[in-house]
Amino acid sequence: MRPALGAAALAPSVIRAMGAGAPPGCVSLGLGEPSWALPDAAARAIAESARPGERLPYGPNAGTPELRAALSAYLGTPEEGCMLAAGSQAALFALFQAWAGEGDEVLVPDPGFVAYPTLAAMAGATARPYSLADDGSLDPERFAAALGSSSRVRVAVVNHPANPTGAGAGAEELAAVAASCEGRGVLLVSDEVYRELYLGRRPAGVLDGGTRSGVVALGSMSKAFAAPGLRVGWAYGDPEALAPARLVHNAMTSCLARPSQAAALALLGAAAETVEESRRQLALRWAAFESAMRLAFPDEPPPAPPAGGFYHWLRLAGRAGEDTLASCLRLRDERGVIVVPGSAFGSRGEGYARLSWAGHPGDVAEGVKRLAAYD
Ligand SMILES: Cc1ncc(COP(=O)(O)O)c(C=O)c1O
C-alpha cells in the first residue's frame, strides 16, 4: 500500500515537532496560542450545551441559526457571505479544495504560515511563493510580479498582520492586490486571524470598503477570542466564492461541534469585552517581551511592536556553517528554549527564528533570557 499523493505530501508540523522532542524544563516561545483564560461565558455555554440525560444532536451543516445570525451581525455581512468552519484552517482547506486543483497554483507569502503550501498540495495544486517587503509587509508590486509570472494561479493568499513576522499591510496595499487578482479571475484569500489582536492602531482589512467580487477574508475564535480549542473560525466575503467551499466543508465535517458553537455564540455576544481583554493581555505580554529583549540584547535596537499578533522574527546569530534548524535545535537542547526555525515558513525564513510571546509573561521573560546566552 502507499498513501495517495495529497497525503504523501504531508509531514509532521515542525512547530509541533520542536515541542514534542523537547527535553524537560524547556520554556516555549514556540506555539502561537493565547495563554490567557477562556472567558467564563464560553466555559458556561459549553457546560450548558451538554447536560446529563439530554441529547447532543447533529445540527445544520452551516451552523446553528443562532450562531450564523450572530456571526453575520458581528461581521456586518449577510449570512450568505459568511461561512463557519472548524477553525480558519478548515476554511482554508475548503477554499483551496474548491478553487485549486491538479495543475493549478496557489500564491503564498514567503515567509508565510506553514499550512498554506501544505493545504495547496492536498488540493493537488502547487504553492508559488511571492516575496514580501524586507520588513515583512505587503508589497503589491512583488505580489503582482509573482501573479503575472504564471497563468496557473487560481488562488492567492495574503496574511497581515503576518505569521511569522507580525508585519502589517495598509488599506491601499490590500486594495492593490485585490485589484490585481480581480483582473485575472483569481480568488484572493486575506487571512486576517490576527487582526483584532493589536497593540496600537487596528490593522486594515481587505473588506473594510465592503464586499468585493472574488475576495474572502478569514477570522477565528483562536486568537483574539482566546479560544483555540473550540476550533471555530470563518471565512466571509463574496458569496459565490464561498458556495463551493461550504459544500467541501459540509462533506468534511457534517457540522461543527455543538458545544463549540454554543461557546462561540457566547463569545460573539460579548465580543467587545472579550477582545478588549485579549488586547490587555497582549499588552502585558508585549511589555514582558520588550523589556526582556532590551535586557538580553542591550547593544541591539529594541524590538519593533508588531502590527498585530504575538510573534517576533529574530535574526539568528548561529554558528558558521550551521543551518537554521540546527541552530534552533541547539537552542532548544542546550539552552532550554523552544523557538520555531524560520526555514519552516519558506526559503526566505532561512537564518531566522519565530518567537511567540503569547505565553505567560514570566515564561516569556525567562525564554528571552535563555536566548541571550546563546552564541
Ligand atoms: C496565519 C494563520 N492562519 C490561520 C491559522 C489557523 O487558525 P485556526 O484554525 O485556529 O483558526 C493560524 C494558526 O496559527 C495562523 O497563524
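Residues numbered from 1 in each chain as written. Predicted model: local features only at pLDDT ≥ 70, side-chain atom pairs only at ≥ 80, totals over all residues. Heavy atoms only, no water.

1. Thoughts on the sheet that holds strand β11 (residues 340-341)
The three strands lie next to each other as β9-β12-β11, forming an open sheet whose pairing is antiparallel. Each edge of the open sheet is held by one strand with a lone partner, namely β9 (311-315) and β11. (Pairing = 2+ DSSP bridges. Helix = DSSP H or I, 4+ residues; strand = E, 2+ residues; numbered from the N terminus.)

2. Focus: the state of the cysteines
In the structure shown here, the tally under the stated rule is zero disulfides. Between Cys26, a free cysteine, and Cys328, which holds the nearest cysteine sulfur, the sulfur-to-sulfur gap is 13 Å. Accessibility expressed as a relative area gives 22% for Cys26, which makes it partly exposed. (Disulfide = S-S within 2.5 Å. Buried < 20%, exposed > 50% of the residue type's maximum accessible area, 1.4 Å probe, protein only.)

3. Overview of unusual backbone geometry
The omega torsion of the bond from Asp110 to Pro111 falls at 5°, within 30 degrees of zero and hence cis. The residue Pro111 is located in the loop between β3 (105-110) and α6 (115-122) in this model. In this chain, Asn163 is followed by Pro164 through a cis amide linkage whose omega measures 20°. Note on placement: Pro164 falls in the loop between β5 (153-159) and α8 (171-182). Backbone geometry places Arg231, a non-glycine residue, at a positive phi of 55°. Within the secondary structure layout, Arg231 lies in the loop between β7 (215-220) and β8 (233-237). Residue classification places Arg231 among the partly exposed residues on the basis of a relative accessible area of 37%.

4. A word on the environment of Asp208
With respect to the secondary-structure elements, Asp208 resides in the loop between β6 (187-191) and β7. In this structure, the C-alpha to C-alpha distance between Asp208 and Ala175, residues 33 residues apart in sequence, is 9.8 Å. A distance of 2.9 Å separates polar atoms of two side chains, one belonging to Asp208 and the other to Arg195. Of the polar contacts made by the side chain of Asp208, one reaches the backbone nitrogen of Gly205; its length is 2.9 Å. (Polar contact = N/O pair within 3.5 Å; in protein donor to acceptor, adjacent residues only side chain to side chain.)

5. With respect to the pairing of strand β12 (residues 352-356)
With four of five residues buried, β12 lies mostly within the body of the structure. Here five bridges tie β9 to β12, and the two strands are oriented antiparallel to one another. Looking at β12, one finds that Trp313 is bridged to Arg354. Where β11 lies against β12, two bridges are found, and the strand directions are antiparallel. Paired with Val340 across the bridge in β12 is Arg354.

6. Concerning the sheet that holds strand β2 (residues 82-85)
What the seven strands build is an open sheet, ordered β2-β8-β7-β6-β5-β3-β4; its pairing is mixed. Strand pairing shows two members of the sheet lacking a second neighbour, β2 and β4 (126-131), which therefore form its edges. Direction aside, neighbouring strands of the sheet carry axes that sit 25° apart on average. Of the strands in this sheet, β3, β4, β5 and β6 touch α6, which is tilted by about 170° from β3. Of the strands in this sheet, β5, β6 and β7 are in contact with α8, which crosses β6 at around 155°. (Axes fitted to C-alpha atoms, helices over the stretch in contact; angles between N-to-C directions. Contact = heavy atoms within 4.5 Å.)

7. Topic: empty space enclosed by the protein
Taken as a whole and judged by the stated rule, the model has one cavity of 30 Å³ or more. Class assignment for the residues of the lining of the largest cavity results in five nonpolar, five polar and no charged. (1 Å grid on protein atoms, 1.4 Å probe; cavity = no way out; pocket = protein on both sides within 12 Å on 5 of 7 lines; lining within 4 Å. Points joined across faces, edges and corners; volume = space filled by probe spheres on them. Nonpolar A, V, L, I, M, F, W, Y, C, P; charged D, E, K, R; others polar.)

8. Let's talk about the nonpolar core
Phe143, Leu188 and Met221 are the most contacted members of the largest nonpolar core, which totals 101 residues. Residues lining this core come from more than one domain, with at least three contributed by each of domain 1 (5-38 + 273-372) and domain 2 (41-270). (Core = buried A, V, L, I, M, F, W, Y, C linked by side-chain atoms within 4.5 Å. Domains from an automatic or database assignment.)

9. A word on the pattern of salt bridges
Counting across every chain of the model gives 18 salt bridges. Between Arg202 and Glu196 there is a salt bridge whose closest N-O contact spans 2.7 Å. A salt bridge links Arg330 to Glu334; its shortest N-O distance comes to 3.9 Å. A residue pair is termed a helical-turn pair when its members lie 3 or 4 positions apart in one helix, as Arg330 and Glu334 do in helix α12 (residues 324-335) at four residues. Classification of Arg330 as buried rests on a relative accessible area of 8%. Here the salt bridges do not stand alone but share partners, grouping Asp134, Asp139 and Arg142 into one network. (Salt bridge = Lys/Arg side-chain N within 4 Å of Asp/Glu carboxyl O.)

10. Quick look at the environment of Arg195
When you line up the elements, Arg195 lands in the loop between β6 and β7. Assessed through its relative accessible area of 6%, Arg195 is described here as buried. With residues near it in sequence (within four places) discarded, Arg195 still touches Pro161, Arg202, Pro203, Ala204, Gly205 and Asp208.

11. Details of the domain arrangement of the protein chain
According to the domain assignment, the protein chain contains domain 1 (5-38 + 273-372) and domain 2 (41-270). Placing the centre of domain 1 and that of domain 2 at their C-alpha centroids yields a distance of 24 Å. In this assembly, 35 residues from domain 1 lie in contact with 38 residues from domain 2. Note on domain 1 versus domain 2: buried area summed over both sides is about 2900 Å², and carbon and sulfur give 65% of it. On the surface where domain 1 and domain 2 come into contact, there are two salt bridges. Notably, a salt bridge pairs Asp110 with Arg348, separated by 3.1 Å at the nearest N-O pair. (Buried area = accessible area lost by both parts, 1.4 Å probe.)

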